[in-house]
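# A look at the structure
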Amino acid sequence: MAASSSVVPVAVSAAVVSALSSSGDFSNLREIKKQLLLIAGLTRERGLLHSSKWSAELAFSLPALPLSELQPPPPITEEDAQDMDAYSLAKAYFDVKEYDRAAHFLHGCNSKKAYFLYMYSRYLVESGCYRFQNKRKKDLFIDFLLQSGEKKKDDETVDSLGPLEKGQVKNEALRELRVELSKKHQARELDGFGLYLYGVVLRKLDLVKEAIDVFVEATHVLPLHWGAWLELCNLITDKEMLKFLSLPDTWMKEFFLAHIYTELQLIEEALQKYQNLIDVGFSKSSYIVSQIAVAYHNIRDIDKALSIFNELRKQDPYRIENMDTFSNLLYVRSMKSELSYLAHNLCEIDKYRVETCCVIGNYYSLRSQHEKAALYFQRALKLNPRYLGAWTLMGHEYMEMKNTSAAIQAYRHAIEVNKRDYRAWYGLGQTYEILKMPFYCLYYYRRAHQLRPNDSRMLVALGECYEKLNQLVEAKKCYWRAYAVGDVEKMALVKLAKLHEQLTESEQAAQCYIKYIQDIYSCGEIVEHLEESTAFRYLAQYYFKCKLWDEASACAQKCCAFNDTREEGKALLRQILQLRNQGETPSTEMPAPFFLPASLSANNTPTRRVSPLNLSSVTP
């Protein structure tokens with residue numbers, strides 16, 4: 001297929017080109033279904049199975065087409081006919097993962113379809129990633145047979161924190177592929193699939209800017225190919241970069257934006273996009289349902305995410321994608337029996353999937369068998385050395401085992417795979433905090449906060465770090481902002497109050513404690529808050545100093561309900577009774593902080609999205 005002046009592949013007929021040209025609205029769902037079925041077939045013919053599966057699943061969620069409206073197969077061109085025998089043989093070899101043989105028999109073919117399969121087969125051979133995965137799968141099979149966590153001595157270093165795929169593909173063979181594809185690109189002879197492969201090669205060679213340009217071009221030439229959109233998504237690091245991309249005005253762009261918003265932690269925008277897609281007719285799409293569940297997981301709406309995942313499991317009981325995220329939710333809720341059932345179920349479906357290994361790892365972690373958990377995360381990484389979740393979870397397990405050096409290595413691998421993973425940055429901050437290296441942990445906590453500006457945990461960690469560095473003004477900013485964005489752990493106000501205590505700002509400390517008490521009593525949850533007794537003790541002493549006997553007595557009585565403050569509360573009550581008997585009158589000079597400032601009032605709690613803090617501090 002030669003490309004025309006408008007960079008449209010000639011090997012695809014005019015009718016097919018028209019069918020593949022998607023408009024920017026969802027007014028004609030029948031036409032969209034035709035396009036999805038067509039692109040599912042075209043990607044399957046080229047061995048792009050994940051894109052084919054995505055398109056087929058999305059097409060399945062739409063109403064069935066009558067026979068009269070079904071799309072006929074694309075017409076065969078003269079070049080396709082000449083290469084048909086070689087293509088058929090090579091595709092059979094490709095399907096059984098004999099990529100060397102496929103490339104050998106496709107050498108010299110001229111049709112675009114055959115040329116793509118030839119270059120794709122060469123890429124898979126020369127990158128080494130599939131050989132690496134097949135070797136690891138054999139090793140994993142032996143592991144399962146032996147039920148042993150030990151490996152041979154010469155494999156120990158690889159198995160503990162195996163090499164990233166990135167190191168496997170940086171070789172001369174990929175550079176040769178790049179040169180060949182670059183010549184075709186300059187001659188405008190690459191169709192949408194060829195551009196996609198060219199972009200993948202550029203990305204593997206860390207030529208990010210060039211790869212982004214090529215992927216954007218691929219989405220213009222072939223907007224229905226989900227693989228190109230997904231590769232582009234992996235290269236976008238923030239919303240500003242997204243704004244400067246010139247993307248085609250197509251309905252596929254809405255799926256892309258929803259996906260990238262989820263990746264960039266812009267959850268409100270992502271949920272709105274997915275809701276719009278459901279409203280226009282994709283309500284039965286398991287992909288959209290799973291993405292909504294992941295979005296709720298990302299904002300820690302655990303009950304909502306669990307509900308959606310459970311519903312998804314009923315609709316698609318053999319689904320494995322995103323089940324590791326589901327297991328994270330079960331882990332957080334300590335739902336041991338449900339997690340055990342999920343692990344056994346996935347093991348029966350496919351024990352050699354990375355998601356299955358991660359689910360089993362979470363199960364063992366919940367049972368505090370951290371060595372076994374780390375082993376299963378290692379197994380996941382044998383199958384896919386660039387699987388982000390396994391690196392992060394393995395870092396957590398090494399933290400539990402007090403192996404800080406291995407945890408740091410795991411978290412750094414996770415960041416190398418995806419710099420947007422806030423959990424890895426946060427994990428590194430925690431690790432360096434244990435190592436008592438506050439400047440390093442400050443740096444990593446700030447990076448985590450930049451990725452999750454509305455996560456109170458990052459802000460509280462930053463505040464603690466600034467406290468250790470004696471930067472108390474910055475610490476107060478962090479604790480107040482943590483409360484402002486919605487304090488998940490209900491600790492920001494207590495830490496802020498203690499900071500005011502340290503600075504002898506008694507009235508501000510009392511106000512923070514009052515607000516803390518109001519919050520924990522107004523939420524309606526019967527939860528034991530460890531700092532509740534601390535708050536009542538401080539308020540009792542504060543009111544006592546203010547000579548406000550009624551308020552001091554009420555707080556002292558509350559102190560008597562806690563073991564650690566019971567004796568102090570009783571002693572204070574005796575003092576108050578003694579002073580009252582002596583005729584000591586309450587003071588009216590020093591007002592108690594019953595009326596909180598507007599910024600702290602219960603009706604004006606700021607919970608809106610905020611930008612990352614601009615904190616001036618020394619960072620390494």
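Residues numbered from 1 in each chain as written. Predicted model: local features only at pLDDT ≥ 70, side-chain atom pairs only at ≥ 80, totals over all residues. Heavy atoms only, no water.

Helix and strand content of the chain: 34 helices and 0 strands. The buried share of the chain, reckoned over its 620 residues, is 53%. Contacts in the chain between residues far apart in sequence, at least 24 positions, make up 62% of those at least 6 positions apart. (Helix = DSSP H or I, 4+ residues; strand = E, 2+ residues; numbered from the N terminus. Buried < 20%, exposed > 50% of the residue type's maximum accessible area, 1.4 Å probe, protein only. Contact = heavy atoms within 4.5 Å.)

This brings us to the packing of helix H27 (residues 438–451) against helix H28 (residues 456–468). The description of two packed helices rests on the angle between their axes and on the distance between the axes. Their axes nearest at 9 Å, the elements H27 and H28 cross at an angle of 155°. In terms of axis orientation, H27 runs roughly antiparallel to H28. H28 is crossed by H27, and the crossing has left-handed handedness. Note on element contacts: H28 touches H27 through Met-458, Leu-459, Ala-461, Leu-462, Cys-465 and Tyr-466, opposite Pro-438, Cys-441, Leu-442, Tyr-445, Arg-446, Ala-448 and His-449. Residues belonging to the contact of H27 with H28 are distributed by class as follows: 11 nonpolar, 1 polar and 1 charged. (Axes fitted to C-alpha atoms, helices over the stretch in contact; angles between N-to-C directions. Parallel < 35°, antiparallel > 145°, perpendicular 65-115°, else oblique. Left-handed = near helix turned anticlockwise from the far one by under 90°. Nonpolar A, V, L, I, M, F, W, Y, C, P; charged D, E, K, R; others polar.)

Before going further, it helps to examine the packing of aromatic side chains. The full count for this structure, using the stated rule, is 32 aromatic pairs. An angle of 70° between the planes, with centres 5.1 Å apart, marks the rings of Tyr-443 and Tyr-444 as edge-to-face. What makes Tyr-444 buried here is its relative accessible area of 6%. Plain terms: the ring middles of Phe-536 and Phe-562 are 6.5 Å apart, the flat faces sit at 25° to each other, and that makes the pair stacked. Here Phe-536, found in helix H32 (residues 532–545), pairs with Phe-562, found in the loop between helix H33 (549–559) and helix H34 (566–581); they are 26 residues apart in sequence, far enough to count as distant. (Phe/Tyr/Trp six-rings, centres within 6.5 Å; stacked < 30°, edge-to-face > 60°.)

For H32, built from 14 residues, the straight-helix expectation of 20 Å at 1.5 Å per residue is met to within 8% by its first-to-last C-alpha distance of 20 Å. The buried fraction of H32 amounts to 10 of the 14 residues, a majority that puts the element mostly inside the structure. Of all the residues in H32, the buried ones are Glu-532, Ser-533, Thr-534, Ala-535, Phe-536, Tyr-538, Leu-539, Ala-540, Tyr-542 and Tyr-543. Phi turns positive one or two residues past the end of H32, at Lys-547, with a value near 60°. (Expected span 1.5 Å × (residues − 1).)

Two numbers describe how helix H16 (residues 252–263) lies on helix H17 (residues 267–282): the axes approach to 8 Å, and their chain directions differ by 150°. On the basis of their axis angle, the class for H16 and H17 is roughly antiparallel. Where H16 crosses over H17, the two elements pack in a sense that is left-handed. Here H16 contributes Glu-254, Phe-255, Leu-257, Ala-258, His-259, Tyr-261 and Thr-262 to the contact with H17, which in turn contributes Ile-267, Glu-269, Ala-270, Lys-273, Tyr-274, Leu-277 and Phe-282.

Counted according to the given criterion, the structure contains 29 salt bridges. For the salt bridge of Arg-30 with Glu-69, the shortest nitrogen-to-oxygen distance reads 3.1 Å. With a gap of 39 residues between them, Arg-30 in helix H2 (residues 29–45) and Glu-69 in the loop between helix H3 (49–60) and helix H4 (78–82) connect regions that are remote in the sequence. Residue classification places Glu-69 among the partly exposed residues on the basis of a relative accessible area of 25%. In this structure, the salt-bridge partner of Glu-263 is Arg-420, at a minimum N-O distance of 3.2 Å. With a gap of 157 residues between them, Glu-263 in helix H16 and Arg-420 in the loop between helix H25 (404–417) and helix H26 (422–434) connect regions that are remote in the sequence. The exposure class of Arg-420 is buried, given its relative accessible area of 8%. (Salt bridge = Lys/Arg side-chain N within 4 Å of Asp/Glu carboxyl O.)

Counting residues in hydrophobic clusters, the biggest one holds 186 residues, and the most contacted among them are Tyr-123, Leu-232, Trp-251, Phe-255, Phe-256 and Ile-260. In terms of residue count, helix H7 (residues 112–127) provides more of this core than any other element does, 10 residues in total. Beyond its immediate chain neighbours, meaning those up to four positions away, Phe-255 contacts Phe-26, Trp-54, Leu-58, Trp-226, Leu-277, Phe-282, Tyr-287 and Ile-288. (Core = buried A, V, L, I, M, F, W, Y, C linked by side-chain atoms within 4.5 Å.)

Moving on: the environment of Tyr-387. Relative to the helices and strands, Tyr-387 resides in the loop between helix H23 (370–383) and helix H24 (388–400). A sequence separation of 26 residues divides Tyr-387 from His-413, and the C-alpha atoms of the two residues are 9.9 Å apart. Residues within four places of Tyr-387 in sequence aside, it is in contact with Asp-324, Val-354, Glu-355, Cys-358 and Leu-381.

On to the UniProt feature "repeat: TPR" (unreviewed entry) in the chain, then. Under the UniProt annotation, "repeat: TPR" (unreviewed entry) lies at residues 354–387 and 388–421. With 79% helix and 0% strand, residues 354–387 has its two end C-alpha atoms placed 8 Å apart. With 79% helix and 0% strand, the stretch residues 388–421 has end C-alpha atoms that lie 8 Å from each other. (UniProt positions renumbered as here; feature names shortened; annotations may be inferred.)

Negative phi values dominate among residues other than glycine, just as trans dominates among peptide bonds. Even without a glycine there, the phi angle at Asp-206 is positive, about 65°. Examined against the element boundaries, Asp-206 turns out to sit in the loop between helix H12 (192–204) and helix H13 (208–221). Asp-206 sits in the partly exposed class, given a relative accessible area of 35%. Phi at Lys-547 is positive, roughly 60°, even though this residue is not glycine.

Counted at 1.5 Å a residue, the expected span for H12 with its 13 residues is 18 Å, and the 19 Å between its end C-alpha atoms agrees. Counting buried positions along H12 gives 13 out of 13 residues, so the element sits mostly inside the fold. Trailing H12 by a residue or two, Asp-206 shows a phi angle of about 65°, which is positive.

So, on to a nonpolar patch on the surface. A grouping of Leu-37, Leu-67 and Leu-70 is seen on the molecular surface, where their side chains present a nonpolar patch of about 310 Å² in accessible area. Residue placement: Leu-67 occurs in the loop between H3 and H4. Leu-67 gets classed as exposed once you look at its relative accessible area, which sits at 73%. (Patch = residues over 30% accessible without salt bridge, like charges linked within 9 Å, V, L, I, M, F, W, Y side chains within 5 Å. Areas by Shrake-Rupley, 256 points an atom, 1.4 Å probe, with all protein chains shown as cover.)

Once that is clear, we can look at the state of the cysteines. A full pass over the atoms with the stated rule returns 0 disulfides. The closest cysteine sulfur to the non-disulfide-bonded Cys-465 is located on Cys-441, 3.0 Å from its own sulfur. Look at Cys-465 and you get buried, because its relative accessible area is 1%. (Disulfide = S-S within 2.5 Å.)

Below, the discussion takes up the confidence of the model for the chain. Here the chain averages 83 in pLDDT, while 82% of its residues score no lower than 70. At the level of individual helices and strands, the chain shows its lowest average pLDDT in helix H9 (residues 156–160), which scores 35, and its highest in helix H22 (residues 354–366), which scores 96. In the model, residues 1–15 has pLDDT below 50 throughout and makes 35 contacts with residues more than four positions away in sequence or in other chains. Low pLDDT, under 50, characterises residues 144–170; the predicted model gives this stretch 54 contacts beyond four residues in sequence or across chains. (pLDDT = per-residue confidence, 0-100.)

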